[in-house]
Amino acid sequence: MSKKNPPETAPGGEITRRCVLKWVAALGGLAAGGGLFYGLNYAVSAPAKDGKTIWTSCNVNCGSRCLLRAHVADGVVTRIDSDTQGDSEYGLHEIRACLRGRSMRHRLYAPDRLKYPMKRVGARGEGKFERISWEQALDEISARLKKTIADYGNDAVYINYGTGNLGATLSISWPTGNTPLARLMNCLGGYLNMYGTYSTSQISQAMPFMYGEYLGNNALSDIANTKLAVFFGNNPVETRMSGGGMTYDLMQAKQKGNARIVVIDPRYTDTAAVADEWIPIRPGTDAALVSGMAYVLISENMVDTDFLKRCTVGYDEDSLPEGIPAGNSYKAYILGQGEDKTPKTPRWASAITGIPEDKIISLAREIGGAKPCYICQGWASQRHANGEQTSRAITMMAMLTGNMGLQGGSTGAREGCANLPVAVFPFLTNPVKKAISVFSWTEAIKRGAEMTALRDGVRGADKLDVPIKFMWNYAGNAIINQHSDANETSRILKDESLLETLVVIDNFLTPSAKFADYLLPGTFNLEEDDIIPQGSSSQLEYVIFAQKAVEPFFESRSIYDICTGIAERFGVQGKYTEGRTRDAWLRKLYDDTRKKIPELPATVEEAFSMGVLKRKAPQPPVVPYKAFRDNPEANPLKTPTGKVEIFSKKLWDIGHTWELPEGDRITALPEYLPTWEGVSDPLRSKYPLQLIGHHYKQRTHSTYGNVDWLKKVAPQELWINPVDAEKRGLKAGDTAKVFNDRGTVFVPVKVTPRIMPGVLSLPQGAWYEPDAKGQDHGGCVNVLTSLRPSPLSKGNPQHTNLVEVVKV
Amino acid sequence: MYKRPAFHIDTSRCTGCKTCMIACMDKHDLPEGVLWRRVTEYVGGEWAARPDGTYTQNIFGYYLSIGCNHCQNPICVRSCPTTAMHKGKDGIVSVDHTKCVGCRYCEWGCPYSAPQYDAKLGKMTKCDFCRDYQQEGTAPACVAACPNRALDYGEYEELAAKYGEVNVIAPLPDPGITQPNLVITLGKNAKPAGSKAGKVSNPEEV
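Residues numbered from 1 in each chain as written. Chains lettered and ligands numbered in written order. Predicted model: local features only at pLDDT ≥ 70, side-chain atom pairs only at ≥ 80, totals over all residues. Heavy atoms only, no water.

### Thoughts on the overall build of chain A
So, point 1. A count of helices and strands for chain A gives 26 helices and 26 strands.
So, point 2. Its C-alpha atoms give chain A a radius of gyration of 26 Å, within 12% of the compact-globule value 28 Å for 808 residues.
So, point 3. Considered along the principal axes of its C-alpha atoms, chain A spans approximately 80 × 60 × 55 Å.
So, point 4. Residues counted as buried form 68% of the 808 residues belonging to chain A.
So, point 5. For chain A, the share of sequence-separated contacts (at least 6 apart) that also reach a separation of at least 24 residues comes to 74%.
So, point 6. Carbon and sulfur atoms make up 52% of the accessible area of chain A, which totals about 25800 Å².
So, point 7. Computed over 94 positive and 88 negative side-chain charges, the separation of the two mean positions in chain A equals 2 Å. (Helix = DSSP H or I, 4+ residues; strand = E, 2+ residues; numbered from the N terminus. Rg over C-alpha atoms; globule rule 2.2 N^0.38 Å. Buried < 20%, exposed > 50% of the residue type's maximum accessible area, 1.4 Å probe, protein only. Contact = heavy atoms within 4.5 Å. Areas by Shrake-Rupley, 256 points an atom, 1.4 Å probe, with all protein chains shown as cover. Lys, Arg positive; Asp, Glu negative; His and termini not counted. Charge placed at Lys NZ, Arg CZ, Asp CG, Glu CD.)

Okay, here's the thing in structure tokens:
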């Protein structure tokens, strides 16, 4: 490790006073902020010394992936710019970073950057630590891990969801099962698996029942070839902000074609602002809108009966599976011939969605008449208590109109993108087969041994045998900030008789890091070499080669070396490393990547000097499911019938066997289901406002939430409509108290007509700043969200919340 | 060397992402509160409740990224009592810090908020069109950064020929005041200068 430390660090990791002064001088500050355990001042802007610029990347979980160029002088990053390699041709265009990537210098040198390994000294969550050596940290963590495995077995060890460095290959933090920590645990007998993600829990678990897999869709660039584009809860301008990716693809498609673009969202998003029409909708009601439009399409004979007959089952009574009672087809549900005897008329849908009846009718006719029509959904619509239903329902608009498998058409899923595969760090096989949903870990800490397959979604076994006792958390802030119900989660974590050990590896003193028993400083991505697979982009295939720009900060250590240190203490170093250093792995993975991409140069050094390899994806964009549409018998989907299962027999069976809490349902058809804390919950008499938490340009989830520049140009604010603000005497800039039974948040308000009346949005990801009473002053929406999982995926319904707001 | 150094902004492409602002801050290390480039959010429209509990609305919004327009008739230069603020031979309006006394008259004069006071220096600062980058043949930091390619720069006559001569949009002032070297492509939501249809909804950010 000594080679990896900055030259200013004396052998043994001790920082001498002279070294500190030199660091501070190099970083341009006079006084080090933060003190002993973390923090320094920001570096000063300067051009690269002797023109020394290094290609690197931004690796956070926005879905995009950007090329950055670090200017370096005297071992310090002094300026960041982005792709400057030429922009003349769409498809080989510049991968220009968004505001967050451009602020990287102030993230790299943020005042709360961790310097040393630390051990908790106060109560858990208090954020009090003492500095320890790496030796002590690795010895003690290993001893605790051995004890957990001996006392409870490997099932009691869990690797929590962390996406702060998911763009990497060697230091990859997600998918959790593909990380260096997973490889380590697989060498030690395994760990409790997870399924699903905080981003896509409901859609990712629901789609396979209807389509046999996570459903793809045409690329956004195909909007150039369509007549009408309809976005359900999809906001690429704010969620895919890279100039190499979706926001730019949308601009290009708009310019190239003549499609009218309609955005359906509770908020007038930045995507809605560049679209042709905004249709505000109450959160969690997209499936009602779809049903109301389906009623129009069916009753006005605008459905593609040929496509439905050839490619789907369950649309009408003739194609229901054997043994299913009559009245269970989609058509019967829509026309009111099913069990509920309720025709899903536009008027019915209007009362639920808040969209005027005439607008529902006109949009349905427009979708039915546009040939082809591009329909897509973001992941906002599905992040609800009925999200599994909603995500399937939205795709019905594409199925009813037969747009699947057409150029300029769509499936109704999230937009597709180009892909250039690179080699994957081998994570070995987990001997433990049990898995919980990504959202269930607090339950598994509290009552793990009681959790079952039918009640709690346990997979790989009928039940769990032990609770979680040891947890790893690498590059993640889902311990407290991004998980739900921060107050309840905090109570669970603070009970040290439950979770015995929490190890956090991060760059900063995040809200989650404050709960660590051992807090280890990981290297920042600008401090290590890595291979960076591409982000979402319609027409550009690429891979970034990120070279180490500066030495690791103080005693920061790479995740690979941390895991090697643990493996040593378990006597499995040989199995873990296969005799390779991190650098040797990088070269191996580069060589493996070259086998997939033969045009890459011979050495990784040449790749580093290139920074990025770009390749044009086919134009017009590839049409997914075309073969299926053309000949479904020869090219079946992976569903039991090989067709689109509008009625899913599997879901029918699940709906009749799983043990669900009162009010929750799982239905075979993509029906609209009202939910707890939804528009029709009687709780609205106490908490009248629906609260969502949109993705905000200041942050990628919580990453960059500590960067001063970003907080300044995009401050954390609660969005509230003037109608709701006036009733409560709230004016722009006032501090509001937002609350429900789970907690309280104090936050300034943005009074804006850009959000519909009755709905608030508190941008998700702001850092939790609880006071002594647990009331948050950072604007963290997850103080107000619920731990109750959605029925099928057991996922996080973080946009399903009822609250009240008052002026402070 | 420019005769009229100009910026172009395409408001149909500007999504208010503020990447231009951060690129500018990083390059020039702007201290807190000093914004050489600013992005305004201009929003208007009304909500109307219907008897059935639904709403109709005509909400619109757009963003506008503005640095310094290096005007032909720069009011900041006219306002400066010490001749510190000046328009160079290259057309770039700059502050001579050996002459600036930080009186802030230029700040009051400029309707685009281009001159920005640096409290630590006690002097005015402003967009210098990334003069050093231009000497190297590269674009200003803000323009090169724009993810949606909403910004462009160059000689005014060339930009005007390429994009048209529009420089009027709300909430910008009447261009007759300073003759800005600014070319605007209007998006579908654009409102004329002086319009009361909307208002700047992020005054604290600009």
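### Here we look at the overall build of chain B
So, point 1. Across its full length, chain B holds six helices and twelve strands.
So, point 2. Over its C-alpha trace chain B gives a radius of gyration of 18 Å, about what one expects of a compact globule, namely 17 Å for 206 residues.
So, point 3. Across its three principal axes, chain B shows a C-alpha extent of roughly 65 × 35 × 30 Å.
So, point 4. In chain B, buried positions account for 57% of the 206 residues.
So, point 5. Roughly 8600 Å² of accessible area belongs to chain B as shown, and the carbon and sulfur atoms make up 53% of that amount.
So, point 6. Computed over 23 positive and 22 negative side-chain charges, the separation of the two mean positions in chain B equals 3 Å.

### As for the sheet that holds strand S2 (residues 66-73) of chain A
Residues and elements named next belong to chain A.
So, point 1. In spatial order, the strands read S1-S2-S3; together these three strands make up an open sheet with antiparallel pairing. Each end of this open sheet is capped by a strand with a single partner; those strands are strand S1 (53-58) and strand S3 (76-82). Geometrically, the sheet is characterised by an average inter-axis angle of 35° between neighbouring strands, direction not taken into account.
So, point 2. As judged from the six bridges shared by S2 and S3, these two strands associate in the antiparallel manner. What sits directly across from Leu68, in S3, is Ser82. (Pairing = 2+ DSSP bridges. Axes fitted to C-alpha atoms, helices over the stretch in contact; angles between N-to-C directions.)

### So, the pairing of strand S24 (residues 743-751) of chain A
Residues and elements named next belong to chain A.
So, point 1. Summarising burial for S24: seven of the nine residues are buried, a large majority.
So, point 2. Sheet topology note: the strand S22 (residues 718-720)/S24 ladder contains three bridges and is parallel. Across the sheet, the residue bridging to Trp719 is Lys750, located in S24.
So, point 3. For strand S23 (residues 735-740) and S24, the ladder comprises six bridges, and the chain directions are antiparallel. Bridge pairing in S24 links Asn740 to Gly743.
So, point 4. Turn length for the S23-S24 hairpin, with the two strands adjacent in sequence and antiparallel, is two residues.

### Observations concerning the interface of chain B and chain A
So, point 1. If you look at the interface, chain B gives 45 residues, while chain A gives 54 residues.
So, point 2. For the pair chain B and chain A, the two sides together bury roughly 4000 Å², of which 51% comes from carbon and sulfur.
So, point 3. Looking only at chain B, the three residues that lose the most surface to chain A are Asp26, Trp47 and Arg149 of chain B, adding up to 18% of its buried area.
So, point 4. Run the count over chain B and chain A and you get six salt bridges.
So, point 5. Between Lys750 of chain A and Glu41 of chain B there is a salt bridge whose closest N-O contact spans 2.7 Å.
So, point 6. Our count for the contact surface shared by chain B and chain A stands at 31 residue pairs in polar contact (both at pLDDT 80 or more).
So, point 7. Among the elements of the structure, helix H1 (19-28), strand S2 (38-44), strand S4 (55-57), strand S5 (60-66) and helix H5 (141-145) of chain B are those that each provide at least two residues to the side of chain B that touches chain A.
So, point 8. No other element matches H1 of chain B, which puts eight residues into the side of chain B that touches chain A.
So, point 9. Taken together, the residues of the side of chain B that touches chain A sort by class into 18 nonpolar, 14 polar and 13 charged. (Buried area = accessible area lost by both parts, 1.4 Å probe. Salt bridge = Lys/Arg side-chain N within 4 Å of Asp/Glu carboxyl O. Polar contact = N/O pair within 3.5 Å; in protein donor to acceptor, adjacent residues only side chain to side chain. Nonpolar A, V, L, I, M, F, W, Y, C, P; charged D, E, K, R; others polar.)

### Here's the deal with the confidence of the model for chain A
All names here are of chain A.
So, point 1. For chain A, mean pLDDT is 94; residues scoring 70 or higher make up 95% of the total.
So, point 2. For chain A, the element scoring lowest by mean pLDDT is helix H1 (residues 17-26), at 39; helix H10 (residues 286-299) scores highest, at 99.
So, point 3. Segment residues 1-34: pLDDT under 50, and 57 contacts once partners within four positions in sequence are set aside and those in other chains are kept. (pLDDT = per-residue confidence, 0-100.)

### Topic: the sheet that holds S2 of chain B
All names here are of chain B.
So, point 1. Pairing is antiparallel across the open sheet formed by three strands, whose spatial order is S5-S2-S12. The open sheet terminates on both sides in strands that have one partner only, identified here as S5 and strand S12 (198-200). The average angle at which neighbouring strand axes cross in this sheet is 25°, direction not considered.
So, point 2. Pairing geometry for S2 and S12, over three bridges, is antiparallel. Among the inter-strand pairings, Tyr42 is bridged to a residue of S12, identified as Val200.

### Digging into the side chain of Arg282 of chain A
So, point 1. As for its placement among the helices and strands, Arg282 of chain A is situated in the loop between strand S10 (277-279) and H10.
So, point 2. Among buried charged residues, Arg282 of chain A stands out as having no salt bridge; its nearest opposite-charge side chain is Asp52 of chain B, 7.6 Å away.
So, point 3. Look past the residues within four positions of Arg282 of chain A in its chain and what remains in contact with it is Ser350, Ala351, Ile352, Thr353, Gly354, Val679, Gln690 and Met756 of chain A together with Gly53 of chain B.

### Details of the packing of aromatic side chains
Two aromatic rings, taken as a pair, are described by how far apart their centres are and by the angle between their planes.
So, point 1. Inspection of every chain in the model, using the stated rule, returns 25 aromatic pairs over all chains.
So, point 2. Their ring planes at 65° and their centres at 5.3 Å tell us that Phe470 of chain A and Trp472 of chain A sit as a pair that is edge-to-face. Judged on exposure class, the residue Phe470 of chain A and its partner Trp472 of chain A are both buried.
So, point 3. Ring geometry for Phe508 of chain A and Phe524 of chain A: centres 6.2 Å apart, planes at 85°, overall edge-to-face. Of the two residues, Phe508 of chain A sits in the loop between strand S15 (501-506) and strand S16 (518-521) while Phe524 of chain A sits in the loop between S16 and strand S17 (530-533), which places them 16 residues apart along the sequence.
So, point 4. In this structure an aromatic cluster arises from ring pairing among Tyr161, Trp174, Tyr198 and Phe439 of chain A.
So, point 5. Taking the ring centre of Phe570 of chain A as reference, the NZ or CZ of Lys146 of chain A above it sits at 5.0 Å.
So, point 6. Lying across the ring of Phe7 of chain B, Arg37 of chain B places its NZ or CZ 4.6 Å from the centre. (Phe/Tyr/Trp six-rings, centres within 6.5 Å; stacked < 30°, edge-to-face > 60°. Lys NZ or Arg CZ within 6 Å of the ring centre and 35° of its normal.)

### Some points on the confidence of the model for chain B
So, point 1. On average, chain B scores 96 in pLDDT, and the residues at 70 or more come to 100%.
So, point 2. Reported confidence for the predicted complex is 0.98 by ipTM and 0.95 by pTM.

### A closer look at the domain arrangement of chain A
Residue and element names in this part refer to chain A.
So, point 1. Here chain A is described as being made up of domain 1 (118-192 + 432-522 + 557-579), domain 2 (202-418 + 637-657) and domain 3 (682-807).
So, point 2. If you average the C-alpha positions of domain 2 and of domain 3, the two centres end up 28 Å apart.
So, point 3. Across the boundary between the two partners, domain 2 contributes 25 residues, which contact 23 residues of domain 3.
So, point 4. At the junction of domain 2 and domain 3, the tally comes to two salt bridges.
So, point 5. Of the charged contacts in the structure, one is a salt bridge between Asp270 and Lys697, with a shortest N-O distance of 3.1 Å. (Domains from an automatic or database assignment.)

### Quick word on unusual backbone geometry
Residue and element names in this part refer to chain A.
So, point 1. Going from Trp174 to Pro175, the amide bond is cis rather than trans, its omega being 0°.
So, point 2. By the element assignment, Pro175 lies in the loop between strand S6 (157-159) and helix H5 (180-187).
So, point 3. Note the cis peptide between Gln619 and Pro620, where omega equals 0°.
So, point 4. Within the secondary structure layout, Pro620 lies in the loop between strand S19 (612-616) and helix H23 (626-630).
So, point 5. Backbone geometry places Ala475, a non-glycine residue, at a positive phi of 50°.
So, point 6. Inspection of the secondary structure puts Ala475 in the loop between strand S14 (470-474) and helix H18 (486-494).
So, point 7. Residues other than glycine seldom take positive phi values, yet Glu677 does so here, at roughly 55°.
So, point 8. What makes Glu677 buried here is its relative accessible area of 10%.

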